[in-house]
Amino acid sequence: MKLEGKVALITGGGSGIGKAAALALVREGAKVALFGRRAEPLRATAEEIRKSGGEASPITGSVANDKDVINAVDKTVEIYGKIDILINNAGVGLVGPLLHQTTNDDWKLIVGTNLEGAYRVTRAVIPHFLHNNGGVIVNVSSTAGMIGLPGASLYCISKAGMIHFTKTVALEYAKQGIRANCVCPAAVDTDFLAPLISDEKAKEWLYSIHPMGRIGKPEEVAKAILYLVSDDTAWVTGSVLTMDGGQTLQ
Ligand SMILES: NC(=O)c1ccc[n+]([C@@H]2O[C@H](COP(=O)([O-])OP(=O)(O)OC[C@H]3O[C@@H](n4cnc5c(N)ncnc54)[C@H](OP(=O)(O)O)[C@@H]3O)[C@@H](O)[C@H]2O)c1
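Residues numbered from 1 in each chain as written. Predicted model: local features only at pLDDT ≥ 70, side-chain atom pairs only at ≥ 80, totals over all residues. Heavy atoms only, no water.

Engineer: I keep staring at the side chain of Thr122 and nothing clicks. Help me out?
Structural biologist: Along the chain, the position of Thr122 falls in helix H4 (residues 104–131). Residue Thr122 is classed as buried on the basis of its relative accessible area, which comes to 2%. Of note is the side chain of Thr122, whose polar atom sits 2.9 Å from the side chain of Asn88. Sequence-distant contacts of Thr122, that is, excluding residues within four places in its chain, are made with Leu86, Asn88, Ile137, Phe165 and Val169. (Helix = DSSP H or I, 4+ residues; strand = E, 2+ residues; numbered from the N terminus. Buried < 20%, exposed > 50% of the residue type's maximum accessible area, 1.4 Å probe, protein only. Polar contact = N/O pair within 3.5 Å; in protein donor to acceptor, adjacent residues only side chain to side chain. Contact = heavy atoms within 4.5 Å.)

Engineer: Even after reading the chapter, I still don't get the nonpolar core, so can you show me in this structure?
Structural biologist: Side chains of a nonpolar character, in soluble globular proteins, are inclined to be buried together. The biggest cluster of nonpolar side chains holds 31 residues, and the ones touching the most others in it are Leu25, Val32, Ile225 and Val229. Of all elements in the fold, only strand E1 (7–11), helix H1 (16–27), strand E2 (31–36), helix H2 (39–51), strand E4 (85–88), strand E5 (135–140) and helix H8 (218–229) reach the threshold of two or more residues within this core. Residues Leu86, Ala118, Met162 and Ile178 belong to the second largest nonpolar core, which totals 24 residues. (Core = buried A, V, L, I, M, F, W, Y, C linked by side-chain atoms within 4.5 Å.)

Engineer: Looking at this structure, how should I read the site of the ligand?
Structural biologist: Around the ligand sit 27 residues in total, of which Ile17, Arg37, Tyr155, Val188 and Thr190 are the nearest. One nitrogen or oxygen atom from the main chain of Val63 is found 2.9 Å from a nitrogen atom belonging to the ligand. Burial of the ligand by the surrounding chains reaches 95%, relative to a free accessible area of 860 Å². Going through the elements one at a time, H1 and helix H5 (153–172) are the ones with two or more residues in the shell around the ligand. When the residues that make up the shell around the ligand are grouped by side-chain class, the tally is 12 nonpolar, 12 polar and three charged. (Near = heavy atom within 4 Å. Areas by Shrake-Rupley, 256 points an atom, 1.4 Å probe, with all protein chains shown as cover. Nonpolar A, V, L, I, M, F, W, Y, C, P; charged D, E, K, R; others polar.)

Engineer: Where do I start with unusual backbone geometry in this structure?
Structural biologist: Excluding glycine, most residues fall at negative phi; most peptide bonds, likewise, are trans. Non-glycine residue Asn133 carries a positive phi angle of around 65°. With respect to the helices, strands and loops of the structure, Asn133 is situated in the loop between H4 and E5. On the basis of relative accessibility, which here comes to 67%, the residue Asn133 falls in the exposed class.

Engineer: What is the right way to read the pairing of E1 from this model?
Structural biologist: Walk down a regular strand and you will see the side chains alternate between the two sheet faces. For E1, the tally of buried residues reaches five of five residues, placing the bulk of the element in the interior. Inspection of the sheet shows E1 paired to E2 by five bridges, in the parallel sense. Each residue of the ladder has a partner; that of Ala8, found in E2, is Val32. Note on the crossover from E1 through H1 to E2: the handedness is right-handed. Bridge count between E1 and E4: three bridges; the pairing is parallel. In the strand pairing of E4, Ile10 is matched with Ile87. (Pairing = 2+ DSSP bridges. Right-handed = clockwise from strand over helix to strand, strands pointing away.)

Engineer: Help me understand the state of the cysteines in this model?
Structural biologist: What makes a disulfide is a covalent bond joining the sulfur atoms belonging to two cysteines. For the coordinates displayed, the defined rule picks out zero disulfides. Cysteine Cys156 remains unbridged, with the sulfur of Cys184 as its closest cysteine sulfur at 11 Å. A relative accessible area of 10% means that Cys156 is categorised as buried. In this structure Cys182 is a free cysteine whose sulfur lies 4.2 Å from that of Cys184, the closest cysteine sulfur available. (Disulfide = S-S within 2.5 Å.)

Engineer: Please explain the packing of helix H3 (residues 66–80) against H4 as it appears in this structure.
Structural biologist: The packing of two helices is summarised by the inter-axis angle and the distance between the axes. The interhelical angle for the contact between H3 and H4, taken along N-to-C directions, is 35°, at an axis separation of 9 Å. The two elements H3 and H4 cross, and the hand of that crossing is right-handed. Side by side, H3 and H4 meet where Asp66, Val69, Val73 and Val77 of the first sit next to Arg120, Val121, Arg123, Ala124, Val125 and His128 of the second. Each residue belonging to the contact of H3 with H4 can be placed in one class, and the counts come to six nonpolar, one polar and three charged. (Axes fitted to C-alpha atoms, helices over the stretch in contact; angles between N-to-C directions. Left-handed = near helix turned anticlockwise from the far one by under 90°.)

Engineer: It is not clear to me how the pattern of salt bridges should be interpreted in this structure. Could you clarify?
Structural biologist: Oppositely charged side chains can form a pair if their charged atoms are brought close together. Scanning all chains against the criterion turns up nine salt bridges. Of the charged contacts, one joins Lys82 and Asp84 as a salt bridge, the two residues approaching to 3.1 Å between their closest N and O atoms. Under the relative-accessibility criterion, Lys82 is labelled partly exposed at 28%. The shortest N-O distance in the salt bridge between Arg120 and Glu116 comes to 3.1 Å. On the criterion of helical spacing, the pair formed by Arg120 and Glu116 is a turn pair, its members being four residues apart in helix H4. Salt bridges linked by common partners bring Asp66, Glu116, Arg120 and Arg123 together as one network. (Salt bridge = Lys/Arg side-chain N within 4 Å of Asp/Glu carboxyl O.)

Spelled out as structure tokens, the structure:
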């Protein structure tokens, strides 16, 4: 197993890509702390993992709240003794308003969760990585951080920020054995896209913007996350792995 004895903190670990990543890491021997706002999906995911023989702990709170973040990191260390892996996956979207129609509250929600949330959690975890002489971070950005999406400016800004955030962290801590990489998926079949997928016309459009003719599966993104946290990528840091069925080639 590739992650025997490793401990991972996964934000947004109760659903979608975060849940798929948790299951993939546990299958390779990791223990996982699942951090999110809603208790029920976290509890259900932890239960599923325990039933399969793995170890998982749900921790409720928001990445947008400093106290919750410190509590999540402290609890993970209290339960498992350390943190080796951080997956900054928690995210929210906003599609519709053009930039001049967005509000400070929109900015606070989207940028405050996606980008600042990753910043807050990383800032709290790095001292533990330094103490352990290393650690691995994977940030879940998006192709929306690479190309524009009209009506989703704040989401695009937050995800573009995560890409540069990844490179900055990778550079600052390269000598301390801390690696940081980033995945940029295009559309993935999770609750995040449920409103679009449930509308036949919107779904058709969504599929059509991916040259491979389909959207991604959370398990496919999870495999990339597993690859980036494992020693298979021991010399890889600051990289941006696009996974998009060809969307950004056009
Ligand atoms: N699905 C896509 O098409 C797609 C494409 C590219 C990138 N992504 C990114 O992938 C990541 C995961 O999304 P997903 O597709 O798996 O959708 P999802 O199932 O809605 O997952 C989002 C997760 O983030 C958590 N979350 C949201 N706000 C939070 C907060 N303030 N504090 C802690 N946790 C929070 C949610 O849990 P709670 O609500 O319980 O807090 C949820 O578990 C997101 O960052 C998203 O931007 C998704």
